[in-house]
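Here are the chains, one letter per residue:
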Amino acid sequence: MKPNLVPLSRRRLVQAAAAACALGAIVPAIAQETRPTKPIRLVVGFPPGGHTDVMARVISVPLQKALGQAVIVDNKPGASSNLAAAEVIKATADGYTLLVAPISVQTANPYLFKPALNPERDLRPIVSLGHAQLYLVAKKDLPAKTANELVEMAKASPGKLTYGSGGAGTQMHLVGELFKQQANIDVVHVPYRGAAPALQDILAGQIDYYFDPATGFQHIREGRARLLAVTGSKRSPFFPDAPTLTELGIKGVELGNWFGIFAPAATPPEVVARIGREVATAIALPEVKQRFAELGGEPVAQDAAAFRSTIANETKLLSALIKDRKIVVD
């Protein structure tokens, strides 16, 4: 038998090189600085035309240019994004199937629904897209001219005033209940099938107020509805004269709408990082900022770690609120 003429140290180098090549072969193409090898699908849990859908379509254009592959928006509406989340969770964890959704899919849904999936466990936050405040809007002939006067009215006549929402368990509903809790008032909730019909009843004077998800800006500006205050820790760039509820002494009502991109939990970190970088670049573009502003939102690209922290903080708030207010979804 011929002796092995390859020194041991050299054999180890050869083996290490082979292992590195094998590892490189299994890392998804989307994680590399080269272009992905097939189309990317953005699954949206709402019908076409809504805020989440429009955000997905707006960022799909620069992403397609940057990645050199088609970026397809696939609408799977139902159960407050749970159906879309289930679709993504079942997909291969390679970065080619992603969920675009409000963070309520992780912060509120697990406490409102009893699905066969656990979005908090099965989905991996990649990057935030942006944030939109909610606007405390009253019918134009409501005697209360400020949020504090609205609270005084509600306390003087418990159970008489009404507020609308886009449906049980929506962010509009949850913020409405948070407002009631923090202001210590008794107001009747009137759920609608979406924000649009709630807005129509505000304009018609059928309900007293609601928390507008940036759909009623034109009506506010035209005086057909009255803006009393905004949620959040800072004033809205769209209505800088409107105070925050915190400024008015009604603390703790800072909940808004965060939107982001999620992937199956097993998606490799390098894929998450690549997608996060590309999305951050996309939402910094002037045309994307402008389109988000038209939706009443501000683009904010929190990386995976910061986005998880935002989700964790909101989950703590909403899980307690849902339990305390006994909020259920039929």
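Residues numbered from 1 in each chain as written. Predicted model: local features only at pLDDT ≥ 70, side-chain atom pairs only at ≥ 80, totals over all residues. Heavy atoms only, no water.

Caption draft 1: Looking closely at the overall build of the protein chain. Looking only at helices and strands, one finds 13 helices and 11 strands in the protein chain. Sorting the 330 residues of the protein chain into buried and exposed places 50% on the buried side. Carbon and sulfur atoms provide 55% of the accessible area of the protein chain, an area that totals close to 15400 Å². (Helix = DSSP H or I, 4+ residues; strand = E, 2+ residues; numbered from the N terminus. Buried < 20%, exposed > 50% of the residue type's maximum accessible area, 1.4 Å probe, protein only. Areas by Shrake-Rupley, 256 points an atom, 1.4 Å probe, with all protein chains shown as cover.)

Caption draft 2: Focus on helix 7 (residues 147–156). Listed as buried for helix 7 are Ala-147, Leu-150, Val-151 and Ala-154. Angular distribution of buried residues about the axis of helix 7 spans 100 degrees; they occupy a single face of the element. Opposite the buried face of helix 7, at more than 90 degrees from it, the exposed residues are Glu-152 and Ala-156. Buried residues in helix 7 make contact with strand 5 (135–139), helix 8 (171–183), strand 8 (209–212) and strand 9 (225–230). (Arc of directions from axis to C-beta. Contact = heavy atoms within 4.5 Å.)

Caption draft 3: Here's a closer look at the packing of helix 2 (residues 51–67) against helix 11 (residues 269–283). In the contact formed by helix 2 and helix 11, the axes pass within 9 Å of each other and the chain directions differ by 120 degrees. For the element pair helix 2 / helix 11, the angle class is oblique. When the axes of helix 2 and helix 11 are compared, the crossing they make is right-handed. Together, Ile-59, Pro-62, Leu-63, Ala-66 and Leu-67 of helix 2 and Arg-274, Glu-278, Val-279, Ala-282 and Ile-283 of helix 11 make up the contact between the two elements. (Axes fitted to C-alpha atoms, helices over the stretch in contact; angles between N-to-C directions. Parallel < 35°, antiparallel > 145°, perpendicular 65-115°, else oblique. Left-handed = near helix turned anticlockwise from the far one by under 90°.)

Caption draft 4: Region of interest: the pairing of strand 5. With five of five residues buried, strand 5 is to be regarded as a mostly interior element. The pairing of strand 5 with strand 8 spans four bridges and is classified as antiparallel. Within strand 8, the position partnered with Ala-138 by the bridge is Tyr-209. Where strand 5 lies against strand 9, five bridges are found, and the strand directions are antiparallel. Following the sheet pairing, Val-137 is matched in strand 9 by Leu-227. (Pairing = 2+ DSSP bridges.)

Caption draft 5: Focus on the sheet that holds strand 4 (residues 123–132). Across the sheet, six strands lie side by side as 2-1-3-10-4-11; this open sheet has mixed pairing. Each end of this open sheet is capped by a strand with a single partner; those strands are strand 2 (71–75) and strand 11 (298–299). Sheet topology places strand 4 next to strand 11; two bridges connect them, and they run antiparallel. Each residue of the ladder has a partner; that of His-131, found in strand 11, is Glu-298.

Caption draft 6: Spotlight on the confidence of the model for the protein chain. When pLDDT is averaged along the protein chain, the result is 91, and 89% of the positions lie at 70 or above. Note that pLDDT drops below 50 for residues 1–11; the model gives that stretch two contacts with residues more than four away or on any other chain. Taken together, the stretch residues 16–26 has pLDDT below 50 and engages in zero contacts with residues farther than four places along the chain or on a different chain. (pLDDT = per-residue confidence, 0-100.)

Caption draft 7: Representation of the pairing of strand 6 (residues 162–165) in the model. Burial along strand 6 is two-sided: the residues Thr-162 and Gly-164 and Tyr-163 and Ser-165 are all buried. Here four bridges tie strand 6 to strand 7 (residues 188–191), and the two strands are oriented parallel to one another. Counted as the bridge partner of Tyr-163 is His-189 from strand 7. Where strand 6 meets strand 8, two bridges bridge the pair, whose relative direction is parallel. Opposite Tyr-163, over in strand 8, you have Tyr-209 as the bridge partner.

Caption draft 8: The packing of aromatic side chains, seen in detail. Applying the stated criterion to the full structure yields nine aromatic pairs. Seen in terms of ring centroids, Phe-217 and Phe-239 are 5.0 Å apart; in terms of plane orientation they differ by 85 degrees. Their pairing is edge-to-face. Remark: Phe-239 occurs in the loop between strand 9 and strand 10 (257–264) and Phe-217 occurs in helix 10 (residues 217–221); sequence separation between them is 22 residues. The residues Phe-217 and Phe-239 share a single accessibility class, namely buried. Pairwise contacts between aromatic rings join Tyr-135, Phe-217, Phe-238 and Phe-239 into one cluster. (Phe/Tyr/Trp six-rings, centres within 6.5 Å; stacked < 30°, edge-to-face > 60°.)

Caption draft 9: Representation of the side chain of Asn-75 in the model. Residue placement: Asn-75 occurs in strand 2. Polar side-chain contacts of Asn-75 include one of 2.9 Å to the side chain of Asp-53. Here Arg-57 takes part through its side chain, which lies 2.9 Å from a polar atom of the side chain of Asn-75. Setting aside its immediate chain neighbours within four residues, Asn-75 contacts Val-44, Phe-46, Pro-47, Pro-48, Asp-53 and Arg-57. (Polar contact = N/O pair within 3.5 Å; in protein donor to acceptor, adjacent residues only side chain to side chain.)

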